[in-house]
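Spelled out from the first residue to the last, the chains are:
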Amino acid sequence: MFQNSCRLSFVTFLCLLFLCRFVYSQLDYKFYDYTCPNLTTIVRSGVWSAIANDTRMAASLLRLHFHDCIVNGCEASVLLDDTSTFKGEKNAFPNRNSARGFEVIDTIKANVEKTCPSIVSCSDILNLAVRDAVFLAGGPYWSVPLGRRDGLTASETAANRDIPSPFEPFENITAKFASKGLGIKDVVVLSGAHTIGFAQCFTFKQRLFNFNGSGNPDPTLSVSLRNNLQNICPNIDDSDTNLAPLDPVSTSKFDNIYYKNLLNNSGLLQSDQALMGDNRTAAMVYYYSRFPLLFSKDFGISMVKLSSVGVLTGQDGQIRKNCRVVN
Ligand code: HEM
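Residues numbered from 1 in each chain as written. Predicted model: local features only at pLDDT ≥ 70, side-chain atom pairs only at ≥ 80, totals over all residues.

## Examining the overall build of the protein
Next, step 1: Within the protein one finds 14 helices and two strands.
Next, step 2: The C-alpha atoms of the protein give a radius of gyration of 22 Å, which matches the 20 Å a tight globule of 327 residues would have.
Next, step 3: Considering only C-alpha atoms, the protein reaches an extent of 85 × 45 × 40 Å along its principal axes.
Next, step 4: The burial tally for the protein puts 41% of its 327 residues in the buried class. (Helix = DSSP H or I, 4+ residues; strand = E, 2+ residues; numbered from the N terminus. Rg over C-alpha atoms; globule rule 2.2 N^0.38 Å. Buried ≥ 20, exposed ≤ 12 C-beta atoms within 10 Å, placed from the backbone.)

## With respect to the domain arrangement of the protein
Frequently, the measure chosen for interface size is the accessible area that the parts lose on association.
Next, step 1: What the domain assignment lists for the protein is domain 1 (39-162) and domain 2 (170-306).
Next, step 2: For domain 1 and domain 2, the distance between their C-alpha centres works out to 23 Å.
Next, step 3: Contact residues are listed per partner, giving 19 residues for domain 1 and 18 residues for domain 2.
Next, step 4: At seven residues, the largest contribution of residues to the side of domain 1 that touches domain 2 is made by helix 3 (residues 57-69). (Domains from an automatic or database assignment. Contact = placed C-beta atoms within 7 Å.)

## Looking at the nonpolar core
Next, step 1: Ranked by internal contacts, the top residues of the largest apolar core, which has 67 residues, are Ala58, Leu61, Ile105, Ile125, Ala129 and Ala133.
Next, step 2: Listed by contribution, the elements that provide at least two residues to this core are helix 2 (39-53), helix 3, helix 4 (102-115), helix 5 (122-136), helix 8 (184-191), helix 11 (257-263), helix 13 (279-290) and helix 14 (292-306).
Next, step 3: Ranked by residue count, the leading element in this core is helix 5, at eight residues.
Next, step 4: Viewed by domain, this core spans two of them, domain 1 (39-162) and domain 2 (170-306), each represented by three or more residues.
Next, step 5: Setting aside chain neighbours within four positions, we find Ala58 in contact with Ile51, Ala133, Val134, Leu136, Ala137 and Ile196. (Core = buried A, V, L, I, M, F, W, Y, C linked by C-beta atoms within 7 Å.)

## Re the site of the ligand
Next, step 1: Lining the immediate environment of the ligand, one finds 26 residues, of which Ser98, Ala193, Gly197, Ala199 and Gln200 sit closest.
Next, step 2: Elements that contribute at least two residues to the shell around the ligand include exactly helix 3, helix 8 and strand 1 (198-200).
Next, step 3: The element best represented in the shell around the ligand is helix 3, accounting for five residues.
Next, step 4: Counted by class, the shell around the ligand contains 14 nonpolar, nine polar and three charged residues.
Next, step 5: When residues are assigned to domains, the shell around the ligand turns out to be shared by domain 1 (39-162) and domain 2 (170-306), each giving three or more. (Near = placed C-beta within 6 Å. Nonpolar A, V, L, I, M, F, W, Y, C, P; charged D, E, K, R; others polar.)

## A word on helix 3
Next, step 1: Taking 1.5 Å per residue, 13 residues should reach 18 Å; helix 3 reaches 18 Å between its end C-alpha atoms and fits that length.
Next, step 2: Burial of helix 3 is extensive: 12 of the 13 residues sit out of reach of the surface.
Next, step 3: Here helix 3 has its buried residues at Met57, Ala58, Ala59, Ser60, Leu61, Leu62, Arg63, Leu64, His65, His67, Asp68 and Cys69.
Next, step 4: The inward-facing, buried residues of helix 3 contact helix 2, helix 4, helix 5 and helix 14. (Expected span 1.5 Å × (residues − 1).)

## Describing the UniProt feature "binding site: Ca(2+) 2" (unreviewed entry) in the protein
Next, step 1: Within this numbering scheme, the UniProt entry marks Thr195, Asp247 and Asp255 as carrying the feature "binding site: Ca(2+) 2" (unreviewed entry). Taking the farthest pair of C-alpha atoms as the criterion, the annotated set spanning 61 residues converges on one region, since that pair is 9.8 Å apart.
Next, step 2: Along the polypeptide, Asp247 turns up in the loop between strand 2 (243-245) and helix 11.
Next, step 3: Residues contacting Asp247, with those up to four places away along its chain left out, are His194, Thr195, Ile196, Ile257, Tyr258 and Asn261.
Next, step 4: Residue position: Asp255 is located in the loop between strand 2 and helix 11.
Next, step 5: Taking the C-beta count within 10 Å as the criterion, Asp255 has 19 such neighbours and is therefore assigned partly exposed.
Next, step 6: Apart from the residues within four sequence positions on either side, Asp255 is in contact with Gly138, Thr195, Ser250 and Pro292. (UniProt positions renumbered as here; feature names shortened; annotations may be inferred.)

Rendered as structure tokens:
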């Protein structure tokens, strides 16, 4: 009898432990409400001054966040500098001389540490900053569930493997998203981020002069856009790092013109225009080009999904003091 009741309470204890861990490991909209009530104000003012100083920063933060989450989850690994024990993600091919916004996150983190030391993760700061950046660029606003913790390592190899390349086939790109639990709709919606920001010429130049070794330009690229781009990116190596807007119609405004551009054969990257090469995604492009409010709504939904990929919660990871180094 005694043995039975002992066994029962042990099982109950285990169940409670499991439940506790399950509840604890969920993200929560009110996570810092008591421990850092000024968090959203501090982040917003940091993002506001960064964008006031450089409009492109909204785009750069958004991309930084994507490159964090798609590589081993949203645990701020992209922010870590290289160390003697690991080669980080900053110098991976898609990020080197390309990823921007590290200093903005450093400044916000330093301000957050002054008020709430060792409370708020770099990962949550990046998430909130991106939400505000998109909103300040004229895009949607969404609620960000919080409580992520920061990773203890970063991987150059994983970044080179997992970040989609503009040159790879569309099926490879969708497979990379799928491996993180993101579906084809998320690919179309999140690609709408290319409504703001810039790309270096080398990321699309082969479309202008020698598409897939054919000696001719990409036939799916509008002739007038091609002429403009050939001025920005003449056919010489020196032009490789020149910048062209991803959405030349409204470069700094977060709107749905990206999708209208695709309908006009005016996607900048080959991977952008590829959305028109598949019936399912082409139908979605058409839909978002017609219904900007539905794009805004779905963008918020897909961003929350992206921001939940591989998060560390509870006792996992840590709260970094400095986003560039593990404590
Ligand atoms: C679908 C696969 C994707 C590919 C192949 C891709 C590729 C690229 C490339 C090549 C650039 C230009 C980088 C440079 O020249 O330095 C770029 C810029 C950018 N990407 Fe993507 N991207 C993809 C998806 C995304 C997603 C999902 C987001 C965000 C949710 C995003 C946000 C951005 C932004 C905002 C920029 C401009 C950054 C700036 O101006 O600093 N991209 N992307």
